[in-house]
Structure formats: structure tokens, C-alpha cells
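Structural overview for review
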Protein chains: 2
Amino acid sequence: MLYFEDVEVGSARTSGAFELTEDAVIQFAREWDPQPFHVDEEAARASPFGGLTASACHIFSIAGKLLSEMEPMAVIAAARHELDLLRPARPGDKLTLTVGCAEKRPSRTKPDRGTVRLESELKTPDEQVTARLTSTLVLARRED
Amino acid sequence: MLYFEDVEVGSARTSGAFELTEDAVIQFAREWDPQPFHVDEEAARASPFGGLTASACHIFSIAGKLLSEMEPMAVIAAARHELDLLRPARPGDKLTLTVGCAEKRPSRTKPDRGTVRLESELKTPDEQVTARLTSTLVLARRED
């Protein structure tokens, strides 16, 4: 378990890979975000995207999954996530998450916790960045 | 279909309701974000959250679903989403999404599109705001 003290500014960890299939893109989007370019291959080809792309909800969830497969963090509260979508995620993409800590500060009023700002990149094997995610989380501190 | 011209700054739309069940919280989190306070009721009770809460990925997906059930928008590209988590979403919560347009600007270089900044709130029936979502989207303009 990673506590506030264990997360070092400037350090980075890389996750395993998530392979995005056409089926997964369509299934996820059918339930959560059924826009034509997420659920219908023919409509997607005719769309500005030129083919099926994963929903932003799916991309954020994939980042969550890859993060959860790394060493867990002692999260007390999740305050904010910023998701920049830089290029479409498409069936066949093999995505990994690199997670770094950009900033951390202990709570001024609560000695048991601190806030970290994590900056993550979801990338393909050829280092194309699909999405950038900045997450502000409150982590527990280790008990003395 | 809502095009760039159809979205008015200051206007707001409200979605139908999404009822969050314990089963849904656990099922979603098992697949995408299996932290103890999302998937294990007993561990969640002992956690700082005091009970099961929905994953941020789930909350973002619920917002996507409620948005997709309203009149669709002519999305050409999704650029950025900012998700502020203001209070935990718990089993039993009945969530609706209110979507307003805070800003819009036509593209300077591409006459077929424009960018809108949508500000959404995911709320319970007693007007408690669970999450605030700011989405920057590129919408197609109507053809003349």
C-alpha cells in the first residue's frame, strides 16, 4: 500500500498493458455512451473520426483499471480528475499508463493525510499519447 | 441533433434520473476500479468513506449515459473533461445531470466547426451536487 510518504515527486511507475478490442469499445459504449462513432462501425467510418473510437468514459475507466493493477494507494478522498483526450483510442490499441507525481503537500489541518497531484499518460507502444490524466487525490499518511 | 449553432450560452438542460444500486457500484468497480471501498461493503464501512461509494470512473460514465439520453450533439472531437468529485455517490442515490453551456466560440480556421464548454452537475433529488463536470467539445456547424 502506498501512503502519502511513499509517493515521491518526480518518480514514475508504468502499468501493464490493456488491449482494446472492437468488441470492448462497442460493449462499453452501448451501455454508457452510445454515440454512433463508438457503437456502429459503418457510421464511425463515415464520421469525422473515420472509424470506431473508444468513449471518453471508457478511456478514463481503462486508466482506472491500469492504475488499480499497480500497487494500491491509501486513498481517503478523490478530489478532481482532468482528462485531456489527445488522439482517438481505436480497436487494436495496446495502452499502458505511466503515472508520475507532480506535486504533494501535507494537510495543514489534518495530520493523518496529504494531497498528491498525479500526472498520468495513456500511451501506445510507439509512445503516442492517447490521453493525459491529472488526478488530485488525498492519501493517508503512515501511522507512526 | 444539436449543432454548434443550437447550443446557447446560459441555456441548461436536465436529464432523466439514474438510480445507483449497490450491485451496480460493485459490478462496475470490480471491472474497472476494484478499490476496497468500491467493491467490499465491509471494508467500505471500515474505510474513511464509511460505506460503499461509486468509482470516479463510474460517476463519469453515469454522466456520459445521462448526457447520451438527451438530444445528441454533433460531436467532431472531445478535447477535455474536468471532473470535480464533491461528495461520494452511494447506493440508493438517484442522480440527474444538468448541462449548461458556459462558453462557445467558432473555429478561426475551420468554418465547419466550433468549440463549446459545457458545465454539468450530477445531483441528487435534494440538490446535493455529487460531481461537477466541465467538458470542452468540438461540435459541427449546420451546413447552410
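Structure: above.
Residues numbered from 1 in each chain as written. Chains lettered and ligands numbered in written order. Predicted model: local features only at pLDDT ≥ 70, side-chain atom pairs only at ≥ 80, totals over all residues. Heavy atoms only, no water.

**Description of the interface of chain A and chain B**
Our working definition: Note on contacts: a residue pair qualifies if any of its non-hydrogen atoms lie within 4.5 Å across the two residues. Here's the idea: put two parts together, see how much 1.4 Å probe accessible area each one loses, and the total over both is what we call buried area. Here, a salt bridge means any side-chain nitrogen of Lys or Arg that lies within 4 Å of a carboxyl oxygen of Asp or Glu. Strands here are runs of E lasting at least two residues and helices are runs of H or I lasting at least four, both read from the DSSP assignment and numbered beginning at the N terminus.
Between chain A and chain B, the contact holds 31 residues from the first and 31 residues from the second. Buried area between chain A and chain B, both sides added, is near 2600 Å², and the carbon and sulfur share of it is 59%. The three residues of chain A that bury the most area against chain B are Trp-32, Phe-60 and Arg-80 of chain A, which together make up 22% of that side's buried surface. Joining chain A to chain B, the criterion identifies four salt bridges. Across the pair Arg-80 of chain A and Glu-82 of chain B runs a salt bridge, and its minimum N-O distance is 2.7 Å. For the side of chain A that touches chain B, the secondary-structure elements that each account for two or more residues are helix H1 (22-32), helix H4 (56-68) and strand E2 (75-85) of chain A. With 11 residues, the top contributor of residues to the side of chain A that touches chain B is E2 of chain A.

**Details of the relation of the copies chain A and chain B**
The following threshold applies: When the copies are overlaid, the least-squares fit takes in C-alpha atoms only where the residue has pLDDT of at least 70 in both copies.
Least-squares fitting of chain A to chain B yields an RMSD of 0.0 Å, with the transformation described by 0.0 Å of translation along the axis and a rotation of 180°. Those values place the two copies in the arrangement expected of a two-fold rotation axis. The rotation axis passes nearest to the C-alpha of Glu-82 of chain A in chain A, at a distance of 2.2 Å. Looking at chain A, 100% of its interface residues are interface residues in chain B too, so the copies touch through the same face.

**Notes on unusual backbone geometry**
Residues and elements named next belong to chain A. Defined as follows: To sort residues, take the accessible area from a 1.4 Å probe on protein chains only and compare it with the maximum for the residue type: under 20% means buried, over 50% means exposed, and anything in between is partly exposed.
Even without glycine at this site, Glu-127 takes up a positive phi of about 65°. Relative to the helices and strands, Glu-127 is located in the loop between strand E4 (113-123) and strand E5 (129-140). Residue classification places Glu-127 among the exposed positions, given a relative accessible area of 53%.

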